[in-house]
Amino acid sequence: MMEYGWFESEMHLRYPDSTLFIRNLGDPGDTPGFRPRSGTNDPWAFPGAENFQEEYATPSGSIGHLEKPDQWLTRLKADIVVGFFGFNESFQGEQRLQNYKDELEAWILHSKAQQYNGKSAPQLALVSPISVEDISDIIDVPNGQAQNETLEHYTEAMRQLAVKHDLVFVDAFSASKKWYSSSSEPLTIDGTQLNEEGNKRLAVLLSDELFEKEGRESSANLELVHQAVMEKNWMWINDYKIPNGVHVFGRRYDPFGPDNYPFELEKIRQMTAIRDTAIWEANQGRVKELAIADALTNVLPEVETNFNPEKNGSLEYKYGEEALKTIRVPEGYKLELFASEQEFPDLANPVQLSFDNKGRLWVATMPSYPHYKPGDNRPQDKLIILEDTNGDGKADKQTTYADNLHIPVGFEIAAEGVYVSQGNNLVILIDENGDDKADRKEVLLSGFDDHDTHHAISAFTTDESGAIYMAEGVFLHTNVETSYGPVRGTNGGFYRYEPLRHKLERVNQVSIPNPWGIAFDNYGQNFYAETSGPNVNWMLPGSTLPRYGNANFKGPNLIEKDHMVRPTSGLEFISSRHFPEDIQGDLIINNTIGFLGTKQHKVNEDTVGFTTQWRQDLITSTDRNFRPVDMEIAPDGSLYIVDWHNILIGHMQHNARDPLRDHVHGRIYRLTYPSRPLLTPTKIDGAGILELLENLKLPEYRTRYRTRRELRGRDNGEVAAATENWVAGLDKNDPNYEHNRLEGLWVSWGANRVNQDLLRQLLKSEDYRVRAASVRVVRYTGHQVKDQAELLMQAAKDPSGRVRMEVIAAASWLPREQGLPILAEVEKQAQDHTWLPRTLETAVAHLNGLSVAAKKEEDIKSSLTGSDRELFVLGKEVYGREGFCSTCHQPDGGGLTASGFPPLRGTPWVTGSPERVIKAVLKGLLGPITVAGRDYPGQVPMTPFEGMLNDTEVAAVLTYVRNSFGNQASPISPDLVKQIREETKDKEGFYSPEELLKVHPLEK
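Residues numbered from 1 in each chain as written. Predicted model: local features only at pLDDT ≥ 70, side-chain atom pairs only at ≥ 80, totals over all residues. Heavy atoms only, no water.

Asks: Would you mind going over the overall build of the protein with me for this structure?
Replies: When you go through the protein residue by residue, the secondary structure sums to 29 helices and 31 strands. Its C-alpha atoms give the protein a radius of gyration of 29 Å, within 12% of the compact-globule value 30 Å for 1004 residues. Each principal axis of the C-alpha atoms in the protein carries an extent, and together these give about 85 × 80 × 60 Å. Put simply, of all contacts in the protein between residues at least 6 apart along the chain, 65% involve residues at least 24 apart. Surface accessibility of the protein: about 39,000 Å² in total, with carbon and sulfur atoms responsible for 49%. (Helix = DSSP H or I, 4+ residues; strand = E, 2+ residues; numbered from the N terminus. Rg over C-alpha atoms; globule rule 2.2 N^0.38 Å. Contact = heavy atoms within 4.5 Å. Areas by Shrake-Rupley, 256 points an atom, 1.4 Å probe, with all protein chains shown as cover.)

See the structure below:
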């Protein structure tokens, strides 16, 4: 409703002389009592709400002082509260209807007992869900017949409660059924989410039924009012759902949040109130001068930087050849600058790139990062297209596809438009006239969390069917309403969205900090980079059915210890005849702090999964502002790399509004191997279907990727028929015959017309990689493959552990009575010692509706006793918190030397002077330091924890590290921490190692 604004516009037009004050506090996935937010300590809307939930009662790690629903309503002084409930709950079926009714009644009773306006109880109203519109003849979504039967019962339950408690009730279920039957065009985008015309009809219904006043007094000012409402809603959402809430009211509020965010919230609320008056004036035909009014709101305080250039690099930015000289590549390679902010000022803070089917480079830029600041101009983040029109290896033309975006951390090009991450929304931008400029935006799904903007859905890429994979980081609590039911995610993982079916899946939920990189190999196996941690993981183990608040087993890190770096960003396989033959299939990964560049790893198959072996550092820079964040193999076989290029990149170490956060710079580099010829770009755009199918025989993954994308934009029937003939004519003596047939299967999958005869053949292929890929197709085509469970049961006996891993993941998503026998069959087969057992354990537990038992506590080998031992146990928990100690120094205390993070074991910096180490933890540490005989530049500050940990927690974590990893030293007492905290309270900024050693010399 808020994305369209028609209900509010309708209400204002009906009451033009009233100063109506309307706020939408709805959030996708909410129930009467369950309102999960990343910034609250629990998800409960009222006392006792937890009694109505089972799985959702699992603690999910949300932390913060964000206001709860009663607090919001009290501050807004609400007179009337309208509850829109029942849709999400209805997917729990008839068996949970009474529970829903009880929960809703508890909310009614609680709400009637409040006095939000300070004078009287609120007037309450209930609005039922709409019915499901049957548009299954247009797009492949549920026809709604079964769900409508359930929704009708839920609507009736709401009606009964409204009568019982004398509430206004709006039956949107019955009304929407009449709308659908009388409309010649769909009123929803997917059967359950109203489009613009549907929202207009809902606006009239609500205005008629809630307030019993029919018709507008005048429509003369409709456009002015609607524009004013949308402007107000934009400001309101940046308060109620403020991006980067983790710093505003969440777990990272300290130490920097108090410097600016209380003032920013106050200012944006003033600006929102101004826009209420703008609506009232628009109703009288006047346009308010918002800039003049906004100038009278509070002035935000200046934020001072804590960056120390003497100890943390130079403030000087390098350009052109000077910048190139700081970047090294191995012998035989050549790096060139393709584009920079000097030639293209819009190339500011580039974050992701992708080549389209015409061979043009698309780049998402976001100079508004980390997010909009009240008082600034509205964000103008962009999607731009860069072209080299004269073939000299440098961009010389820019086209701006979209320029009114806000933090587009992920995008994917498709025939129907461009899918883009936009805060809480997944949107599609559509060019309706072919001029390479977006003409229309459609919100496809809402409810994604941007509690930490660089953790929001990002790093978009597709699988072989065209389903979009999106990464999401820790702390976030996403709740998305879909035609298949609510999709909920907690604390890190991945989503898979099928555009043809409008189907979203929480495809992977694991303990992961902030993934920014997804890559598929030649057989459809996908991998991801953890980013905040040094891991690269195989995605399949964590792709079993998730459980709310729990993390799936994710398998071991594939990267060798000596070459672990963090934070990483961007992942790609080398698949290009332009580069040497012996490195084909290598995995490359960028890193942005400490080691600045790109590492290259050879990928090896093990019995079930994968291992890697470091091959070389492909790119290395000494420019401290070089921040490679994404990369992709180009149509000519070269490699393009995005350089975010910024002095500051840390979030816990610097204020989000630090004045040194750059909003101007950005570069694109191009890596070639001059002794080998570049490829002639393959024709994709404008090619015939048969020509496109022949492209699928080419060795380059990205050529096949773009070719499949082109085929998905053609007539599905023609593509399916042509592919069947193409497969039948393939040369059986071709060494790539099986892979070519697999490509044919993938094309039919992408057309949503899976070739079932070919599928059954490939499930029996001699190549286990092909059989595994075919099982994944079975997993996602149960709506067409009616014997899905039987095929999975057969594959459960496959001799390949890789195939059985795919079976475990697929079976875990089936109904319990179908999935458990298949998992039982897998359990009868031989098991390895790395991948299968825990993946199977997770699948069985979650399919049974249970969480996997917590890991057995390791035996703490320590001589500590009593209260010291209690500190040790607490300290272990503190050490392992996300973003605290283990992120940089690693769970084993070994650090990440390649990234510049020193070890904590075997060094007097940890086991020596208690006062010195307490000061370092409280105030942070910045500057060059020598640890265990090795010099570290100290470019990234050690986080100051004085605002994040209390005295007991500081003492606990220090006691833990001083008696772990082979260390043995005296415990630290909370009293000593308290004493040091008081002594250093006036100290500003970080300690330097040199400063500490003057007072506390290092022990010999």
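Asks: Explanation requested: the UniProt feature "domain: Cytochrome c" (unreviewed entry) in the protein in the structure shown.
Replies: Residues annotated by UniProt as "domain: Cytochrome c" (unreviewed entry) correspond here to residues 870–965. Span residues 870–965 is 41% helix and 6% strand, its end C-alpha atoms 18 Å apart. (UniProt positions renumbered as here; feature names shortened; annotations may be inferred.)

Asks: How should I be thinking about helix α4 (residues 97–112) in this particular structure?
Replies: Helix length check: α4, at 16 residues, gives a terminal C-alpha distance of 23 Å against a target of 22 Å (1.5 Å per residue), a fit within 8%. Residues of α4 that are buried include every one of Leu97, Asn99, Tyr100, Lys101, Glu103, Leu104, Glu105, Trp107, Ile108, His110 and Ser111, and no others. (Expected span 1.5 Å × (residues − 1). Buried < 20%, exposed > 50% of the residue type's maximum accessible area, 1.4 Å probe, protein only.)

Asks: Please explain the packing of helix α27 (residues 951–961) against helix α28 (residues 974–983) as it appears in this structure.
Replies: The description of two helices packed together rests on the angle between their axes and the distance between the axes. The N-to-C vectors of α27 and α28 enclose an angle of 115°; their axes lie 8 Å apart at closest approach. The element α27 and its partner α28 pack so that their crossing is right-handed. Residues Asp951, Thr952, Val954 and Ala955 of α27 lie in contact with α28, whose contacting residues are Pro974, Val977, Lys978 and Arg981. Here the residues of the contact of α27 with α28 sort into four nonpolar, one polar and three charged. (Axes fitted to C-alpha atoms, helices over the stretch in contact; angles between N-to-C directions. Left-handed = near helix turned anticlockwise from the far one by under 90°. Nonpolar A, V, L, I, M, F, W, Y, C, P; charged D, E, K, R; others polar.)

Asks: Where do I start with the packing of aromatic side chains in this structure?
Replies: Geometrically, a pair of aromatic rings is defined through the distance of the ring centres and the angle of the planes. Under the criterion given, the structure shown has 33 aromatic pairs. With 5.8 Å between their ring centres and 50° between their planes, Phe34 and Trp44 make a pair best called tilted. Highlighted residues: Phe34 in the loop between α1 (6–14) and α2 (69–76) and Trp44 in the loop between α1 and α2, separated in sequence by ten residues. Grouping residues by exposure puts Phe34 and Trp44 together as buried. Here Trp234 and Tyr372 contribute two aromatic rings whose centre-to-centre distance is 4.9 Å and whose plane-to-plane angle is 75°, an arrangement assigned as edge-to-face. Residue Trp234 is found in helix α8 (residues 222–240), and its partner Tyr372 is found in the loop between β7 (361–365) and β8 (381–387); the two are separated by 138 residues along the sequence. Across the pair, exposure class does not vary: Trp234 and Tyr372 are buried alike. Here the guanidinium or amino end of Lys599 rests over the ring plane of Phe595, the centre of that ring lying 4.4 Å away. (Phe/Tyr/Trp six-rings, centres within 6.5 Å; stacked < 30°, edge-to-face > 60°. Lys NZ or Arg CZ within 6 Å of the ring centre and 35° of its normal.)

Asks: Before we go on, may I ask you to explain the sheet that holds strand β5 (residues 334–340) in this structure?
Replies: Within a sheet, neighbouring strands are paired by backbone hydrogen bonds and run either parallel or antiparallel to one another. Read across the sheet, four strands follow the order β5-β29-β28-β27 without closing on themselves; strand pairing throughout is antiparallel. Only two strands of the sheet have a single partner each, and these edge strands are β5 and β27 (628–633). Shown here is a sheet whose adjacent strand axes are inclined to one another by a mean of 25°, direction ignored. Where β27 meets strand β28 (residues 639–643), five bridges bridge the pair, whose relative direction is antiparallel. Residue pairing in the sheet places Glu632 in a bridge with Tyr640 of β28. (Pairing = 2+ DSSP bridges.)

Asks: Whenever I open this one, the pairing of strand β23 (residues 568–573) confuses me. Can you help?
Replies: Along any regular strand the residues' side chains alternate between the sheet's two faces. Of all six residues in β23, six are buried, a share of seventy percent or more. Relative to strand β24 (residues 587–591), β23 is paired through four bridges, and the arrangement is antiparallel. Residue pairing in the sheet places Glu572 in a bridge with Ile588 of β24.

Asks: Please explain the sheet that holds strand β20 (residues 518–520) as it appears in this structure.
Replies: The three strands lie next to each other as β20-β21-β22, forming an open sheet whose pairing is antiparallel. Every interior strand has two partners, whereas the edge strands, β20 and β22 (536–538), have only one. Taking each pair of neighbouring strands and ignoring which way they run, the sheet shows an average axis angle of 25°. In this sheet, β22 lies alongside strand β21 (residues 526–529) in antiparallel orientation, the contact comprising three bridges. Paired with Ala529 across the bridge in β22 is Val536.

Asks: When you look at the environment of Asn404 in this model, what are you seeing that I'm missing?
Replies: Following the sequence through the fold, Asn404 ends up in strand β9 (residues 397–405). When the C-alpha positions of Asn404 and Trp644 are compared, they lie 20 Å apart, and in sequence the two are 240 residues distant. Excluding anything up to four places from it in sequence, Asn404 contacts Pro379, Gln380 and Asp381.

Asks: I keep staring at a negative patch on the surface and nothing clicks. Help me out?
Replies: Judged by side-chain charge, Asp259, Glu304, Asp986 and Glu988 come together as a negatively charged surface patch. Inspection of the secondary structure assignment puts Glu304 in the loop between α11 (290–294) and α12 (320–324). (Patch = residues over 30% accessible without salt bridge, like charges linked within 9 Å, V, L, I, M, F, W, Y side chains within 5 Å. Salt bridge = Lys/Arg side-chain N within 4 Å of Asp/Glu carboxyl O. Lys, Arg positive; Asp, Glu negative; His and termini not counted. Charge placed at Lys NZ, Arg CZ, Asp CG, Glu CD.)

Asks: Would you mind going over the confidence of the model for the protein with me for this structure?
Replies: A low pLDDT means the predicted coordinates there should not be read in detail. Averaged over all residues, the pLDDT of the protein is 95; the fraction at 70 or higher stands at 99%. Low confidence marks residues 854–861, where pLDDT is under 50. Its contacts with residues over four positions away, or in another chain, come to five contacts. (pLDDT = per-residue confidence, 0-100.)

Asks: Before we go on, may I ask you to explain the packing of helix α19 (residues 788–795) against helix α21 (residues 816–828) in this structure?
Replies: α21 packs onto α19 with a crossing angle of 10° between their chain directions and a minimal axis gap of 9 Å. One finds that α19 runs roughly parallel with respect to α21. Contacts between α19 and α21 involve Ala789, Leu792 and Met793 from the first element and Gln818, Pro821, Ile822 and Glu825 from the second. (Parallel < 35°, antiparallel > 145°, perpendicular 65-115°, else oblique.)

Asks: So what exactly am I meant to see when it comes to the side chain of His578 here?
Replies: Considering the arrangement of structural elements, one finds His578 in the loop between β23 and β24. For His578, a relative accessible area of 1% corresponds to the buried category. At 3.1 Å, the side chain of His578 forms a polar contact with the backbone oxygen of Arg676. Side-chain polar atoms of His578 contact the backbone oxygen of Pro677, separated by 3.1 Å. In this structure, His578 is in contact with Asp636, Gly637, Ser638, Thr672, Tyr673, Arg676, Pro677, Leu678 and Leu679, ignoring residues within four places of it in sequence. (Polar contact = N/O pair within 3.5 Å; in protein donor to acceptor, adjacent residues only side chain to side chain.)

Asks: When you look at the pattern of salt bridges in this model, what are you seeing that I'm missing?
Replies: When charged atoms on two side chains of opposite charge get close, those side chains can pair. Within this structure, the stated rule accounts for 67 salt bridges. Note that Lys288 is salt-bridged to Glu281, the shortest N-O span being 3.2 Å. Between Glu743 and Arg704 there is a salt bridge, and its shortest N-O distance comes to 2.8 Å. In this pair, Glu743 is assigned in helix α16 (residues 737–750) and Arg704 in helix α14 (residues 701–712), connecting sequence segments 39 residues apart. When its relative accessible area of 0% is taken as the criterion, Glu743 is described as buried. When salt bridges that share partners are traced, they join Asp140, Asp463, Arg496, Glu498 and Arg501 into one network.

Asks: Which parts of the structure should I look at to understand the environment of Ile980?
Replies: Along the chain, Ile980 falls in helix α28. In this structure Ile980 comes out as buried when scored by relative accessible area, which is 1%. Distance from Ile980 to Pro914, taken between C-alpha atoms, is 9.9 Å for residues 66 residues apart in sequence.

Asks: Hey, could you run me through the pairing of strand β1 (residues 80–84) in this one?
Replies: Of the two faces of β1, only the one carrying Val81 and Gly83 is buried; Ile80, Val82 and Phe84 on the other face are not. In the sheet, β1 pairs with strand β2 (residues 123–127) via five bridges, with the strands oriented parallel. Residue pairing in the sheet places Val81 in a bridge with Leu124 of β2.

Asks: Explanation requested: unusual backbone geometry in the structure shown.
Replies: Peptide bonds are, in most cases, trans, and in most cases residues other than glycine have a negative phi. The peptide bond linking Tyr369 to Pro370 adopts the cis configuration, its omega dihedral lying at 10°. Structurally, the position occupied by Pro370 is in the loop between β7 and β8. The amide bond that connects Arg566 to the next residue, Pro567, takes the cis arrangement and shows omega of 0°. If you trace the backbone, Pro567 turns up in the loop between β22 and β23.

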